[in-house]
Amino acid sequence: MTFLEQVLTIGVCAAATMLTRFLPFLVFSSKKPTPPYIRFLGKVLPSAVFAMLVIYCVRNVSFLTGSHGIPELIGIAVTAALHVWKRNMLLSIFGGTALYMVLVH
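What this report covers is the structure whose coordinates are included nearby. (Residues numbered from 1 in each chain as written. Predicted model: local features only at pLDDT ≥ 70, side-chain atom pairs only at ≥ 80, totals over all residues. Heavy atoms only, no water.)

The subject of this paragraph is unusual backbone geometry. Among all residues save glycine, negative phi is the norm, and among peptide bonds the norm is trans. A positive phi is found at His-68, a non-glycine position, where the angle reads about 60°. Summarising the element assignment, His-68 is placed in the loop between helix H2 (36-57) and helix H3 (70-86). Phi is positive for Arg-87, which is not a glycine, with a value near 55°. Inspection of the secondary structure puts Arg-87 in the loop between H3 and helix H4 (89-104). (Helix = DSSP H or I, 4+ residues; strand = E, 2+ residues; numbered from the N terminus.)

With 16 residues, H4 should cover 22 Å at 1.5 Å per step; its first-to-last C-alpha distance of 23 Å lies within 8% of that length. Residues of H4 that are buried in the fold lie against H3. (Expected span 1.5 Å × (residues − 1). Contact = heavy atoms within 4.5 Å.)

Shown next, in the form of structure tokens:
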């Protein structure tokens, strides 16, 4: 990439990020109540995104060979247990990932 292309790429990325951050405040005024479907999406989308991430992470795990996916399943279980126990997403993700890394090495 040339220097101009790099600058334009960074500028477009920055503008897109700012647009996605500011757009909800422009579209939904604080004077009017938030539409019910937006509140519904706010409730269900975080769980759906994490479910898709779990599926994405175990998509190539072979449950019939090798370790049979046991380290992955233990890592997922520990992540879920930590989240239910402490309700701290950072702790949950870090704890499950750290245990998984210990189990596979």
